[in-house]
Every structure is written in C-alpha cells, then in structure tokens.
Amino acid sequence: MENNCLACNAPLGEVMDGVFDTRFGIETPYVISKCKGCNLEQTAPLPNQEELNGLYERFYNFSGESNTRYTQLRAKFINSFLYRIWLAIDGDISFHLARGTGRLLDVGCNEGRGLEFYQNHGFAAEGLELNSRAAEVARGKGFVVHGSTLEGFTTEKKYDVVVLSNVLEHSLNPADMLRSIHRLLNPNGQVWISCPNSQSWLRSAFGRFWINWHVPFHVVHFSSDTLRKVLKNSQFEVVTMRQETPALWVSHSIIARLFAKPGQPTRQLRSAVLVATLILLIRGLLFPLLWLGNLSKRGDCLVVVARKK
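We now turn to the structure provided with this report. (Residues numbered from 1 in each chain as written. Predicted model: local features only at pLDDT ≥ 70, side-chain atom pairs only at ≥ 80, totals over all residues. Heavy atoms only, no water.)

Before going further, it helps to spend a moment on empty space enclosed by the protein. Taken as a whole and judged by the stated rule, the model has one cavity of 30 Å³ or more. Lining the largest cavity are Glu169, Pro196, Trp210, Asn212, His218, Val220, His221 and Phe222. Residue composition of the lining of the largest cavity, grouped by class: four nonpolar, three polar and one charged. (1 Å grid on protein atoms, 1.4 Å probe; cavity = no way out; pocket = protein on both sides within 12 Å on 5 of 7 lines; lining within 4 Å. Points joined across faces, edges and corners; volume = space filled by probe spheres on them. Nonpolar A, V, L, I, M, F, W, Y, C, P; charged D, E, K, R; others polar.)

Here it is as structure tokens:
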C-alpha cells in the first residue's frame, strides 16, 4: 500500500477497502486512502507507470472498434442536434458546447470526437494522444495530433486553452501534469478540467460499486477543495467551478451495483438499449434529486475553468 500522499507526502489513512474494477474485470482488489494532511484521496496500491501503461493497452485504449451496434448508435446520437439539446439538459462535462477562439490542445483526445466540436465552435484545435490507433483516426479527420507525453511535449506557439476532460484523475502526479500545462499556456491561458467528485452522493449511495472509483485507472479522487488546492499550488486560479451529475454516470453505477462481480467484466455497461433506457428514466424521474445533489455540492462531476497566473 502506498504510504504517502501524492500531493503533499503526508501519511495516509484507509477509507474503504475491497474496492474492485467494476468495468473490465481486473482481479486485484484496491483500497481508497485519504491523506492526513491535505485530505486528498488516492487509490492504493498504486501501480507504477509501466504497469499502468500495460493495463491501458490491455483494457482501456481505443482499439479501432467500429460498426458495432453500440458505436453506431453512439455516433448517430453525438452527430445529431439531439446531442446538443441533451448537453444543455444533462450537463456539458466535456466542454463540447464551449465557443471561443485561439489555439486549443485536447489532452487525451482519443479518436478526435472532441476536436470536431472545438473546431466547429471557433478554436484552432489540436490533440495529444499516446494511443497510436486513436491518434491515426483523429489525424484522418484532418487534425494535428501529437504523440508525445505531456511532460515531454514542447511547442513554439503556446495555447490559449488546454482541455483535461476526465484526464487529471488518471495522473500519478497531478501537480506535475498541471505544471506542464502551465508551461504550454499563453499568459492568462485557461485549463478546462472535468473529473469525478469524491464527495458525490452517488459514492455514498453505491459504496464500492460507485462507477467512478474506476480502480486502478483513477489514481486520485478529487473533492472541490482538494482540486482547488492542487490548482493553486500549480499557479492557477479558479475562474468557475460547477457540479454536474450526468445520467450516463448514474446509469453505470446502477448497472455496476446490479451486475458487477470481482474479476469479471461487466458486459451490461456496453448494452446500448439498457444504458439508453436507464439514462432516459434517470433524467426524467430523478431530475430533482440530481439537481439538488449539484446544488448541495455533492454532484458526481466537477467542471472547472482555471486561469494561468
């Protein structure tokens, strides 16, 4: 078990044991620990970077999946006007509705779905993606996609916006990641961050089955306070911070609670019919609960815009 905090090196205390991978069926059990100094929560034992890279290659990375029922329905929905309406209702946690100008870098752009939105909304959008298959798909759409690590990436022309859409929680060193972004930004440039909220009411409701534990891929588990701290220590000031609770995330937690078993992949998470049905029921029937959760600072996702100091 990791003995010290990734952020401040203070000792850790155990919060929850027996947390397991509810998505892909990785057999190793994990513990959620909390820093006794700064209150940041993290997964233990922490895999090293080489181990993480192997896990991503085996379970997580884009592998060229296409023409399945799931991917076809997803593509039709995302490319329709209904998707824009849905984002306005359900919460835009990937900044797909954001408009502006200037140079934008999407870190972990995958096959470029976000890049299409950013470009259409006025930005000169580029991507950073280590998965060569996904990067080639994005390049096939006409985008510049860099294959470097963030820490090793350099550019003569800096960026006005860097997007970390559900990325920061995957980092073994979030402060270093933010310092690298600080280096790449123009004066007053912005970083846009979305990540799960460790104080979410869904964590309390689902316990070990909360979909956003996502061990071991989610290394750190941010609250609004701990995210503010790491941003401040990395020379950023928070411009806006809001909370959203996507119906997709709620549906995945429900599916995990019903079907997930240690060491087995939860195939129901890829059922387009089941997921879509649950999403519509959740957004229609539980709207007041989701709204109150966000209002009381216990939404499932933190959505942050921070400015370079």
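Glancing now at the sheet that holds strand 7 (residues 159-165). Taken together, seven strands build an open sheet; the order of strands is 6-5-4-7-8-11-10 and the sheet is mixed. Only two strands of the sheet have a single neighbouring strand rather than two, namely strand 6 (144-146) and strand 10 (236-244). For this sheet, the mean inter-axis angle between neighbouring strands, taken without regard to orientation, is 20 degrees. (Pairing = 2+ DSSP bridges. Helix = DSSP H or I, 4+ residues; strand = E, 2+ residues; numbered from the N terminus. Axes fitted to C-alpha atoms, helices over the stretch in contact; angles between N-to-C directions.)

So, about the pattern of salt bridges. For the structure shown, the criterion picks out 10 salt bridges. A salt bridge links Glu111 to Arg113, with the nearest nitrogen and oxygen atoms 2.6 Å apart. Classification of Arg113 by relative accessible area gives partly exposed; the value is 32%. Between Glu116 and Lys141 there is a salt bridge; the shortest N-O distance is 3.1 Å. (Salt bridge = Lys/Arg side-chain N within 4 Å of Asp/Glu carboxyl O. Buried < 20%, exposed > 50% of the residue type's maximum accessible area, 1.4 Å probe, protein only.)

Below, the discussion takes up unusual backbone geometry. Of note, the amide linkage connecting Ala44 to Pro45 takes the cis form, showing an omega dihedral of -5 degrees. By the secondary structure assignment, Pro45 is in the loop between strand 3 (41-44) and helix 1 (49-60). The residue after Val215, namely Pro216, is reached through a cis peptide bond having omega 0 degrees. Relative to the helices and strands, Pro216 resides in the loop between helix 7 (201-206) and strand 9 (220-221). A positive phi angle, near 55 degrees, is found at Asn166, a position not held by glycine. One can find Asn166 in the loop between strand 7 and helix 6 (174-184). Note on Asn166: relative accessible area 22%, which makes it partly exposed. The backbone of Gln235 shows a phi angle near 70 degrees, a positive value even though the residue is not glycine. Along the polypeptide, Gln235 turns up in the loop between helix 8 (224-233) and strand 10.

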